[in-house]
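# An overview of the molecular structure
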Amino acid sequence: MSLLLCRLEPVRHPFEVPELGIRLYSSQELCYVIYENPLLVMEDFVDERLLQFIREDLDMDFLAGKLENWKKSGENPDNILLLILAECSYYMSGEINRYRQTLIQLRKKHPAEFGKIRADYLFEKRQYGKVIPLYEKLLEYPKDNIVNDLFYSRVWSCLGACHARMFQAEKAYRAYEKAYFYDNRNEKILEQIYYLKAMFPSVAIAPRIQSMLKLIRRESWNTSIERARKKGEESVAVKELDKLFFKDEEKRLEGAAKLVQQWKQEYRAMM
Amino acid sequence: MDGLIVGLDLCDTYTQVSCMGKDRVWSFATQICKKKQENRWMIGAEAYELLLSGEGISADKLLSMARRERTVVIDGENIKGRELLQKFLKLVLAQVQKEYASSRIQQLVITLPGIDTQIMDRLLYCADYLGISRGRFHVISHGESFLYYVLNQKKEVWSSYVGLFDLSRQGLRYYEMKVQKGIRQTTVISDYENFDGPFDLNLLETETGIRKADRMLCSFAEGLLAKKLFSAVLLTGIGFEKQEWAEDFMTMLCRRRKIYGESNVFVKGAAYRAQDYVTIPSEFPYVMICEGRLKASVSMEVMHKEKLTPLVIAAPGDNWYEVRTTLEFILDNQKELVFYIQHLDSRKKNEVVISLEEFPSRPNRTTRIQMRVAFLDERTMVVMVQDKGFGELFPASNAVIRKEISL
């Protein structure tokens, strides 16, 4: 139990973290993001923009200089993150040591496996546009004991999900098809294709896949689709939209403009 | 930086001004006069003449008027007490500035018989009106002026207790000062005691009244001066301008004590204090305990470099009205603020807890709070705690908890 005394930080230009959709206003928030999101910050997080934020807004010129020198020396980049945590005194040394272990464990992983974990993390953060090239890069790894057909299938499946969420139905279907190519016993992939077709009926399904779908009992999938539809209809967002249509023209247009703006922002964030 | 270093003793009946390095002490009735049908305001002799000629309208007791935020009608116009005080102070300072041909006031210290938040507030408005920045404008008590006056005398004057009897139209008050030399620091303490009951200077107009006043003074002084070694006793105020009337009192006082009569103790003390503000380092690096200054320390424990470290919020000797602290903390598994209050004359620390349970529950170390501390008087601290959230990660509720803590 204690109180951490905060230093005065004259932040005029907050540091934007688009992956999290937030801006940071203090060294404590920066440490929190670093600590809670190792997969986000392990690659290229400490760049010129961050150094400028540390130097000018957090008024930590000494730390910025240290980080700059460290970066130039080309030493282990993880140590740069640890240095930030240590200098800001937000986390205790025990916690920083645990964080170091987490970074070591992640770095020990096969590069493809690490890349997949990182891409999955960004997928969870709905950064679909950014994550697609990361998944595509994983497909370039040559086969070995980790990178096998199952791995390729999983990566293609994830690519399918990314495209589907960006409303790119054709690309999504092709990715799922590839995933099924590498793992043709996986009914889950067929299920995803079935859902995709339900969402985008114009998608052309290859005859081979169509015949496979016919062989499977699809009652539970239909139930899921029905449940999702109902959930969608009852969602707050849809109800808000319904309400909007009942308003007079001026208010309706105003509300619609706001909503479209919001959707645009959300879509841009995904990209 | 050049300019006048001014001490100003502001009371309800009189006002005195003195500048460092100058001999003259200016004295005015705390009264302002307006020429009828004209926007001309006057003080001092001019005001008196105007009043006698019947061409002026006056207002007096300006300090009380400003303190109580009273409004008066002068020449058909409603004027607030604060505005009258502003005009009065401007005219007072203008006379001094004119005399010494200096337009800039480098430091102004106003000394008052008593300080509270109301009068502080009004005087700060006056400072703005006079165009004197807060860093160059200070308010101290008569007790503090007394300390600075004495400390600026030869050391033998304050080698033991120093007493001061102040007999003015407001009544009789006794101040006492002692210096405690410690290994780490020297503490200078002054306290005061009011005469129990009225002491009307009109008594001195009749023989019987004089005898009665002398007896009252003697009985008051006997109890206060007994069993103490005094290096000096000072007499000030209009009542002691002549001391012949207090025959018994003077005889009693002069027994093995040095007595000094000085009518300008407070104004000169204020000027010395003003001088000390511009002297770096201070000529008197002592802890001063007197009216208007804190007699206790307030501290908290905070984590610094993974160690619990005391953080002093206010220290003994700080001017209570100048203590304004704003700090930000992050709560680490903590749902309360604990203040440690220690009085100067005690080793015991009292704990005061402010619960923060009202603030929203969030993951550990993601609640930032802003704590603002100020004082309402020497014994009452006000703490305002505001929930600031944790940036955009955990938005602020801006909930505020306010608590008054009695020291």
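Residues numbered from 1 in each chain as written. Chains lettered and ligands numbered in written order. Predicted model: local features only at pLDDT ≥ 70, side-chain atom pairs only at ≥ 80, totals over all residues. Heavy atoms only, no water.

## Quick word on the overall build of chain B
A count of helical and extended segments in chain B gives eight helices and 24 strands. Expressed along its principal axes, the backbone C-alpha trace of chain B runs to roughly 80 × 60 × 40 Å. Contacts spanning at least 24 positions in sequence make up 64% of the contacts within chain B whose residues lie at least 6 apart. Surface accessibility of chain B: about 19,900 Å² in total, with carbon and sulfur atoms responsible for 46%. (Helix = DSSP H or I, 4+ residues; strand = E, 2+ residues; numbered from the N terminus. Contact = heavy atoms within 4.5 Å. Areas by Shrake-Rupley, 256 points an atom, 1.4 Å probe, with all protein chains shown as cover.)

## As for the confidence of the model for chain A
Across chain A, the average pLDDT comes to 88, with 99% of residues at or above 70. Mean pLDDT across the secondary structure elements of chain A bottoms out at helix α15 (residues 249-270) of chain A, with 77, and peaks at helix α1 (residues 27-36) of chain A, with 95. (pLDDT = per-residue confidence, 0-100.)

## Description of the interface of chain A and chain B
Frequently, the measure chosen for interface size is the accessible area removed from exposure when the parts meet. On the chain B side, the residues contacting the 22 residues of chain A number 25 residues. Applying the counting rule to chain A against chain B returns two salt bridges. With a shortest N-O distance of 2.8 Å, A:Arg23 and B:Glu392 are connected by a salt bridge. One can count twelve residue pairs in polar contact (both at pLDDT 80 or more) joining chain A with chain B. (Salt bridge = Lys/Arg side-chain N within 4 Å of Asp/Glu carboxyl O. Polar contact = N/O pair within 3.5 Å; in protein donor to acceptor, adjacent residues only side chain to side chain.)

## Structural notes on the nonpolar core
Ranked by internal contacts, the top residues of the largest apolar core, which has 86 residues, are A:Leu30, A:Ile34, A:Leu50, A:Ile54, A:Ile84, A:Tyr99 and A:Tyr135. The element that contributes the greatest number of residues to this core is helix α9 (residues 149-165) of chain A, accounting for eight residues. Formed by 76 residues, the second largest nonpolar core is a distinct cluster that contains A:Leu3, B:Ile119, B:Val139 and B:Ile140. (Core = buried A, V, L, I, M, F, W, Y, C linked by side-chain atoms within 4.5 Å. Buried < 20%, exposed > 50% of the residue type's maximum accessible area, 1.4 Å probe, protein only.)

## Quick word on the packing of helix α8 (residues 128-138) of chain A against α9(A)
Residues and elements named next belong to chain A. Orientation of α8 relative to α9, taken along the N-to-C sense of each, is 160°, at an axis distance of 10 Å. Comparing the axis directions of α8 and α9 gives the class roughly antiparallel. For the pair α8 and α9, the crossing hand works out as left-handed. Side by side, α8 and α9 meet where Tyr128, Val131, Ile132, Tyr135, Glu136 and Leu138 of the first sit next to Phe151, Tyr152, Val155, Cys158, Leu159, Cys162, His163 and Arg165 of the second. (Axes fitted to C-alpha atoms, helices over the stretch in contact; angles between N-to-C directions. Parallel < 35°, antiparallel > 145°, perpendicular 65-115°, else oblique. Left-handed = near helix turned anticlockwise from the far one by under 90°.)

## Looking at a nonpolar patch on the surface
All names here are of chain A. Among the surface-exposed residues, Phe167, Met199 and Tyr267 lie close enough to one another that they form a single nonpolar patch of about 330 Å² accessible area. Along the chain, Phe167 falls in the loop between α9 and α10 (169-182). Assessed through its relative accessible area of 54%, Phe167 is described here as exposed. (Patch = residues over 30% accessible without salt bridge, like charges linked within 9 Å, V, L, I, M, F, W, Y side chains within 5 Å.)

## Overview of a positive patch on the surface
All names here are of chain A. Taken together, the side chains of Lys243, Lys247, Lys251 and Lys258 define a basic patch exposed on the protein surface. Relative to the elements of secondary structure, Lys247 occurs in the loop between α14 (236-246) and α15. Using a relative accessible area of 40% as the deciding quantity, one classes Lys247 as partly exposed. (Lys, Arg positive; Asp, Glu negative; His and termini not counted. Charge placed at Lys NZ, Arg CZ, Asp CG, Glu CD.)

## Describing unusual backbone geometry
Residue B:Pro281 is bonded to the preceding B:Ile280 through a cis peptide linkage, with omega at -5°. Phi angles above zero are rare outside glycine, and A:Asp59 is one such case at about 55°. Assignment of secondary structure puts A:Asp59 in the loop between α3 (48-57) and α4 (61-73).

## Quick notes on the sheet that holds strand β15 (residues 259-261) of chain B
For sheets, the rule is that strands pair by backbone hydrogen bonds, running either parallel or antiparallel. All names here are of chain B. The strand order across the open sheet built from six strands is β15-β14-β11-β12-β13-β16, with neighbouring strands paired in mixed fashion. Either end of the sheet is taken by a strand with one partner, and the two such strands are β15 and β16 (287-289). Strand-to-strand twist of the sheet, defined as the mean angle between neighbouring strand axes without regard to direction, takes the value 15°. Where strand β13 (residues 186-194) and β16 come together, three bridges link them in parallel fashion. What sits directly across from Thr187, in β16, is Val287. Taken strand by strand, helix α5 (residues 142-151) contacts β11 (161-168), β12 (171-181), β13, β14 (230-236) and β16, and its axis lies near 55° from that of β12. Against the sheet, helix α6 (residues 207-225) engages β11, β12, β13 and β14, with an angle of about 15° to β12. (Pairing = 2+ DSSP bridges.)

## Quick notes on the pattern of salt bridges
Residues and elements named next belong to chain B. Applying the stated criterion to the full structure yields 32 salt bridges over all chains. Between Glu69 and Arg82 there is a salt bridge, and its shortest N-O distance comes to 3.1 Å. Taken together, the positions of Glu69 in the loop between α2 (62-67) and β7 (71-74) and Arg82 in helix α3 (residues 81-100) put the pair 13 residues apart, joining distant regions of the chain. Between Arg368 and Glu328 there is a salt bridge, with its nearest N and O atoms 2.6 Å apart. Pair noted here: Arg368 is in strand β22 (residues 368-377) and Glu328 is in strand β19 (residues 325-332), with a separation of 40 residues, a long-range link.

## Remarks on a negative patch on the surface
Together, A:Asp248, A:Glu249, A:Glu250 and A:Glu254 give the surface a local cluster of negative charge. Structurally, A:Glu250 is set in helix α15.

## A short note on the packing of aromatic side chains
What the rule picks out here adds up to 28 aromatic pairs over all chains. With centroids separated by 5.2 Å and ring planes inclined at 20°, the aromatic side chains of A:Tyr35 and A:Tyr99 adopt a geometry described as stacked. Separated by 64 residues along the polypeptide, A:Tyr35 in helix α1 and A:Tyr99 in helix α6 (residues 93-108) bring together distant segments of the chain. Each member of the pair A:Tyr35 and A:Tyr99 is classed as buried. Residues B:Phe240 and B:Phe249 carry aromatic rings whose centres are separated by 5.9 Å and whose planes lie at 20° to one another, so their mutual orientation is stacked. Both residues of the pair, B:Phe240 and B:Phe249, count as buried. Aromatic ring contacts, followed pair by pair, group B:Phe165, B:Tyr174, B:Phe195, B:Phe199, B:Phe220, B:Phe240, B:Trp245 and B:Phe249 into a single cluster. Positioned above the aromatic ring of B:Trp26 is the side chain of B:Arg24, whose terminal nitrogen or guanidinium carbon lies 3.6 Å from the ring centre. (Phe/Tyr/Trp six-rings, centres within 6.5 Å; stacked < 30°, edge-to-face > 60°. Lys NZ or Arg CZ within 6 Å of the ring centre and 35° of its normal.)

## Digging into the environment of B:Ala399
All names here are of chain B. Assignment of secondary structure puts Ala399 in the loop between β23 (380-392) and β24 (400-406). Of the residues examined, Ala399 reaches a relative accessible area of 26% and is grouped as partly exposed. Measuring from C-alpha to C-alpha, the distance between Ala399 and Lys388 comes to 8.3 Å, with eleven residues separating the pair along the chain.

## Considering α8(A)
Among the residues of α8(A), A:Tyr128, A:Val131, A:Ile132, A:Tyr135 and A:Leu138 are the ones counted as buried. Along α8(A), the residues classed as buried sweep out an arc of 120° about the axis, all on the same side. (Arc of directions from axis to C-beta.)

## Examining the sheet that holds strand β4 (residues 31-35) of chain B
Residues and elements named next belong to chain B. The three strands are arranged β5-β4-β6 in an open sheet whose pairing can be described as antiparallel. The strands lining the two open edges of the sheet, one partner per strand, are β5 (41-42) and β6 (56-60). One ladder, built from two bridges, connects β4 with β5; its direction is antiparallel. Considered in β5, the bridge of Cys33 is made with Met42. Packing against the sheet, helix α1 (residues 44-53) makes contact with β4, β5 and β6, and its axis sits at approximately 55° to β4. Against the sheet, α3 engages β4, β5 and β6, with an angle of about 95° to β4.

## Observations concerning the side chain of A:Ser153
Note on placement: A:Ser153 falls in helix α9. Once you skip the residues sitting within four places of it in the chain, A:Ser153 turns out to touch A:Ala179, A:Tyr182, A:Asp183 and A:Ile189.

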